[in-house]
Structure formats: C-alpha cells, structure tokens
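Chain and residue survey
So the chains spell out like this:
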Amino acid sequence: MPIGPWRYEHLFWYIGGMVACKGKNSAPARRVTARKGQPATYQTRISDFAAMDIAAGDALLSAYADLYCRIQCKLFAEVSAGRSAPSLKQEYLRRYGIPARMFNALRVSLEGKVSSVREQQLLRRDELQRRTSRAQGQIAEAGEGVCRDWLHQKRRRLGNLKGKLKRVETDLDSGRIRLCFGSRKLWRKQYHLEASGYSSHEEWLRDWRAARSDEFFVLGSKDEKAGCQLCVAMVADDGSLTLRLRLPDCLAGEQGKYLVISGIKFKYGHEQVLAALESNAEYGAFRRQHGEKAALQSGLGQPVSYRFKRDAKGWRVFVTTQLMKTPVVTDRSRGAIGVDLNADHLAVSETDTSGNPVNSFSVPLVTYGKSLHQAEALVGDAVAGVVAYAREVGKPIVLEKLDFRHKKAVLEGESPRYSRMLSSFSYARIRACFLSRGIRQGVEVYQVNPAFSSVIGRVKFMERYGLSVHQGSALVLARRLLGCSEGIPRLEVCPLGNGVRVAFTVPARKRVKHVWTLWGCILGQLRPVLAAQHRLGRSAAADGPNPVRAPA
C-alpha cells in the first residue's frame, strides 16, 4: 500500500520525537516563552498638561473617570438583568453623548471583570471542596480521647465551609456575578462609621465615590492612528510622548474636546512604546500604498491601549503594547539550566549537552515576613541573576510545573511553620518573573513534570557530584528536558546527609511499567526514614549544638 504525503509527514515527526526524547523515560517539556503578540504594560506618573495647570488637568481626568464609572455600573446592571451589551451601544451613545470607541472600552473592561469573577468562582469552589474534605477527614479520624472543645470547633468550621460552598455553587448554577465597584471592604465600612474612622455618612460617601471612579480604560486598535483613536501619542523632540485624549461631548468646554498631556516618559519600556508607535506609522504608510488587505498581512502595526489610574499622589498612565520580537540566544543543544524553587532559595544546576553537571549554585530568596513590594524586589533580583547567567552561557532555563492551590487549601491542621512557609511562597510570581525576563533577554524557559525529581537527585546525583538535595533535583529537571535516562543505579543505597546511608530494595523491573513506578516504590521506602531524620534534626536543634558528629 503506497504511503501518502501526510503519512510521510506523520512518520517524520514520530521519528524526530523518538530521537529527541531518547526513550520512554523522559517526560514532554512545555515551552513557556513568549507567544506572538505577548502584551506588556508600562507605567509612569502624569506631571504636566499643555495649556492648563496640574490641578485643572487632574480635575478633568477625574470628571472623565466619574462619567466612565457611572456608565459602567449602569451597563453592568442591565447586562445582569439579561440584556446584551452590544445591543445597548446605540442607546448609550445617544443617552450619554460618548463616542463609540469609549463604549467599546467600557464593554471590554466590564467583560474582563465579569470573566475574572467567574474564573474566581470556579477556583473558590475547588478550594472549598478541598478544605471541606480535609475537615471531614479530620473529624472522622478523631478518636474517643480527643478534646471535646477541639472537636466542637472543627464541626463549627465544617459547617461554615459547607455554607460557603453552597453559596458559591448556587452562584455558579444561576450564573450570578457578585461584582462590587469600589471594593466590598470600603462598602462595609458604612455600617461601622466610628470604628472605620468616619464622622458621618457623607464623609464615607465621598471616599466611596472617589474609589469607584479612580480609573478609566481607553481601548486601542492597530488600524487607528498611533494604535488608538481616543488617545493619540505623539513623539516630541526630546523623545518624550505627548498624549491627546479625546473627551466626551458632555465634558468638552472652553479647553476644547481634547486634553493634551505632555512630558510622558517611561522609566522602563520607553523604547518598546516608541517601537510600537513607529510600527503603527509604518502600517499606515503601507496601507495607503498597498491597500487594506495587504497591510493586514504585512505584520506591521499593533494596538496601543491606555489605562489612567488615580492614587494618593495623583494620576498615572499605563500603556499596553505588544512585546517586540527578541532574538533567542539560547539553545538546548548546548545543555540546560535546571532551577528548583524552594521557600528560602533557588537551587540552580547547569548541564552540558549530554546531561553531565557543569556548575551548581544556590540563590537566596526568603520572602517570609516581607511586604508585597519587598517580595517582588527580592524575586526580581534573584531571577535577574539566573537569567543573566543563562544568557551568558546560552542555555535555556528549566522550571518545575507545580500547582500549590491544593496544598494551600489543606493547610488546616498543619504545623504553623509549614503553613507560614507555604503561604509566603509565591510560585506563580517567580514563574511569571522568569517568563517576563526571559522574553526580554531572549532566554527560553521550559516547564517539565517534576515527578520524583527530589528522590532521583538524592539517590543518583547528591553524593556522586557533591550536590545538595535541591541542586540534585534541579539537575534532574535539566536532564529531563534533554531526555536523559532516569534508570535505577546499581548501588541501591541512598545518602541522608552527614555520611549516613540507607539501603532500599528495587521491585522487579517490568517493561510494561514506567520507570517512575520504580522510583515511586523507592520513595515509599525512603519517606519514613527521611521523616524520622527530619524529626531528629528538629529535636537536636531544640536541644542545642551537639559536639558529637557522624563520621564523614
């Protein structure tokens, strides 16, 4: 039977995949570098207006935000009542005297908030289900000698969790969206004015209205001038930007229908914004010369959207563009750099093209007890050092694909130290920082399944190469990207540290089973020993330093 062209193509990819994976022991890796059109947002503070002082300009922006908020709240109420947002467009244009692009920005912003609430409802339901199951298991496992007060509090907690879960499930079944403009925290303060620091309800109402109308969004499109019709950016002679914001008809007064904001310069990403504006200018020239259809296929132009936000110091502007393509400088044919994420440090191990360790080091990263901005700064500095090293050696970064939502949902009953550690550890923030900086530096970032990476690193590489447990785990992640073997070593012993070893037995090797099955059996044997060693180490630390040490 002859093989068609599509069969040859499938056969080519199948053979190529087998060669790249080097056997069945390797796990597929997922690349998490930038996709086409990856958005990036840059911000700066507004400090100057053309033809008016700063107070008058801030007042005009506040009036724009107040109108924006009132229309958005009304639109949300009518959409919640069952009406379609696109069907209300012409009615809102006539009623409020706003341009069509402003309504589109309102609709897109509201749809994003509604989508976020729906996604949060699903995550909340999963979390409550896990916590409820955990509480039920603790109550069922409680013996006869358990404290009655403890059991009573556990049952009260279980009842509260079931009530919260029922409300979330009811909202999901009915499609109800609970969205409070201005935050629920500030809304509830009206019922406790004195405790919240308010002397009257009118004082609270002023803060409430200010919180509801502290931002507005201007939607961009690449087929419009400078990527946005309502807020046009122009480059000044000194390289700064001048924004010309189109005001609604109801706000246009003596100053005209435009508010001009001058002296806009971004501390980070200013070159990216200028490149986006240049691309839009090239798109306009290309469209005028070759037509609309050819311009859409040229790859030029990109939307530039703006968000204006008011805080205690004044107004800020956020510009969202697409990241310009950065040439990739890494190649996994040279090797890989595995990064094991831990609560107090990043363990890094570098390999060559054959999976042999070349270099290993640790980067301190303690976020417990830090504020949000302090934690972000620490994470950024740690990730910047690792990405700079990867760019220098030209090797991609390999992270572990983890999900801490289940672990954080079952913190009830765990030790306070473990709960604090896990709550302060932000895997999502570290992963996002690796991805963002990797995109800007041209460094590839991959994610692999971390199954049994710790036990493999401890048994195979810890003592052999003089690595820590976490550095051995990072080495396993890097080797897993390269498709290296993860077979059981001949010497069936595991180092525990301080020169202590423990023997283990390997079950019969069956070809129908994956090699991870064998590692799972080994982990089951080592887990009680590691737990006992951990308890012994904690008791020794509580008793003080011990002068007697195990022989090396």
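Note on numbering: residues in each chain are counted from 1, in written sequence order. For a predicted model such as this one, the threshold for reporting local features is a pLDDT of at least 70, and the threshold for listing and counting side-chain atom pairs is 80 or more; totals across whole chains, interfaces and linings nevertheless cover every residue. Remark: hydrogens and water are excluded; side-chain values derive from all non-hydrogen atoms of the structure.

With that out of the way, let us pick up the pattern of salt bridges. Note on pairing: side chains with opposite charge can pair once their charged atoms come close. For this analysis, a salt bridge means a side-chain nitrogen from Lys or Arg found within 4 Å of a carboxyl oxygen belonging to Asp or Glu. Tallied over the entire structure, the rule returns 18 salt bridges. One salt bridge in this structure joins Arg83 and Glu78, with 3.1 Å as the shortest N-O distance. Here's how the labels work: a residue is buried when its accessible area is under 20% of the maximum for its type, exposed when over 50%, partly exposed in between, all with a 1.4 Å probe on protein chains only. The class of Glu78 is buried, set by a relative accessible area of 10%. A salt bridge links Lys309 to Glu215, with the nearest nitrogen and oxygen atoms 3.9 Å apart. Linking Lys309 in strand E7 (residues 305-310) with Glu215 in strand E3 (residues 215-218), this pair joins segments that are 94 residues apart in sequence. For Lys309, a relative accessible area of 24% corresponds to the partly exposed category. In this structure, a network of salt bridges that share partners links the residues Glu78, Arg83, Glu91 and Arg95. Put simply, DSSP marks the helices as runs of H or I at least four residues long and the strands as runs of E at least two long, and each gets a number from the N terminus on.

The axes are straight lines fitted to the C-alpha atoms, using for helices just the contacting stretch, and the angles between their N-to-C directions are given from 0 to 180°. One can describe the packing of helix H2 (residues 54-80) onto helix H4 (residues 100-141) by two numbers: an axis separation of 10 Å at closest approach and a directional angle of 60 degrees. Classified by the interaxial angle, the pair formed by H2 and H4 is oblique. When you trace H2 past H4, the crossing you get is right-handed. In this structure, H2 contributes Tyr64, Leu67, Tyr68, Ile71, Gln72, Leu75 and Phe76 to the contact, and H4 contributes Met102, Phe103, Ala105, Leu106, Arg107, Ser109, Leu110, Lys113 and Val114. Ten residues, namely Ala, Val, Leu, Ile, Met, Phe, Trp, Tyr, Cys and Pro, are considered nonpolar, four, namely Asp, Glu, Lys and Arg, are considered charged, and the remaining ones, Gly among them, are considered polar. In terms of residue class, the contact of H2 with H4 is made up of twelve nonpolar, two polar and two charged. The cut-offs work like this: below 35 degrees is roughly parallel, past 145 is roughly antiparallel, 65 to 115 is roughly perpendicular, and the gaps in between are oblique. Each crossing gets its handedness from the near helix: less than a right angle anticlockwise from the far helix is left-handed, clockwise is right-handed. The contact rule is simple, with two residues in contact once any of their heavy atoms fall within 4.5 Å.

Here we come to the nonpolar core. Among buried residues, those of type Ala, Val, Leu, Ile, Met, Phe, Trp, Tyr and Cys that are joined through side-chain atoms within 4.5 Å constitute a nonpolar core. In terms of nonpolar packing, the biggest core is built from 61 residues, with Phe216, Leu245, Tyr306 and Phe308 touching the most fellow members. Residue contributions to this core peak at eleven residues, all from H2. Setting aside its immediate chain neighbours within four residues, Phe216 contacts Leu61, Tyr64, Ala65, Tyr68, Leu245, Tyr306, Arg307, Phe308 and Trp315. The next biggest cluster of nonpolar side chains, apart from the first, holds 22 residues, and it includes Tyr389, Leu399, Ile430 and Phe434.

Moving on to the side chain of Lys154. By the secondary structure assignment, Lys154 is in helix H5 (residues 148-174). For Lys154, a relative accessible area of 10% corresponds to the buried category. Residues adjacent in sequence count toward polar contacts only when both atoms are side-chain atoms; beyond that, a polar contact is any pair of N or O atoms within 3.5 Å, and within protein one must be able to donate a hydrogen and the other to accept it. At a separation of 3.3 Å, a polar atom in the side chain of Lys154 contacts the side chain of Gln138.

Note: pLDDT gives the predictor's confidence per residue, expressed from 0 to 100. Here the protein chain shows a mean pLDDT of 82. Residues at 70 or above account for 82%. Of all secondary-structure elements in the protein chain, the lowest mean pLDDT belongs to helix H1 (residues 5-21), at 33, while E7 reaches the highest, 94. Below pLDDT 50 for its whole length, residues 1-26 participates in 19 contacts with residues either more than four positions away or in separate chains. Contacts for the low-pLDDT stretch residues 540-552, under 50 throughout, to residues beyond four places or in other chains number three contacts.

Roughly 770 Å³ of volume is contained in the second largest pocket. Detection works on a 1 Å grid of protein atoms alone, calling trapped sets that fit a 1.4 Å probe cavities and calling open sets with protein on both sides within 12 Å along at least five of seven lines pockets, with lining residues defined by an atom within 4 Å of a point. Around the second largest pocket, the lining is made up of 18 residues, and of these Thr41, Tyr42, Tyr268, Ser436 and Arg440 lie nearest the centre. Breaking the lining of the second largest pocket down by element, the ones donating at least two residues are strand E2 (39-45) and helix H13 (427-441). Of the residues contributing to the lining of the second largest pocket, the split by class is nine nonpolar, six polar and three charged. Grid points are joined across faces, edges and corners, and a volume is the space filled by probe spheres set on the points.

All right, on to the side chain of Ser473 then. For Ser473, the position within the fold is in helix H15 (residues 469-482). Ser473 gets classed as buried once you look at its relative accessible area, which sits at 1%. Filtering out sequence-adjacent residues up to four positions away, Ser473 remains in contact with Asp340, Ser453, Ser454 and Gly457.

Running from N to C, H4 and H5 point in directions that differ by 155 degrees, and their axes come no closer than 9 Å. It follows from the interaxial angle that H4 and H5 lie roughly antiparallel. Pair H4 / H5 crosses with left-handed handedness. Classifying every residue of the contact of H4 with H5 by side-chain character gives eleven nonpolar, five polar and ten charged.

What follows concerns unusual backbone geometry. Even without glycine at this site, Ser183 takes up a positive phi of about 80 degrees. Structurally, the position occupied by Ser183 is in the loop between H5 and helix H6 (184-188). Although it is not a glycine, Phe452 sits at a positive phi angle of roughly 60 degrees. Along the polypeptide, Phe452 turns up in the loop between strand E13 (445-448) and helix H14 (453-465).

Next up on the list: the sheet that holds E7. With respect to topology, four strands assemble into an open sheet ordered E2-E8-E7-E3, the strand pairing being antiparallel. The open sheet terminates on both sides in strands that have one partner only, identified here as E2 and E3. Neighbour-to-neighbour, the strand axes of this sheet turn through a mean angle of 20 degrees, independent of strand direction. Here, a strand pair is defined by DSSP locating no fewer than two bridges between the strands. For E7 and strand E8 (residues 315-322), the ladder comprises six bridges, and the chain directions are antiparallel. Note that in E8 the partner of Lys309 across the bridge is Arg316.

The three strands are arranged E4-E5-E6 in an open sheet whose pairing can be described as antiparallel. Two strands in the sheet have a free side with no partner beyond their single neighbour: strand E4 (231-235) and strand E6 (258-264). Direction aside, neighbouring strands of the sheet carry axes that sit 20 degrees apart on average. The pairing of strand E5 (residues 241-246) with E6 spans five bridges and is classified as antiparallel. Following the sheet pairing, Leu243 is matched in E6 by Ile261.

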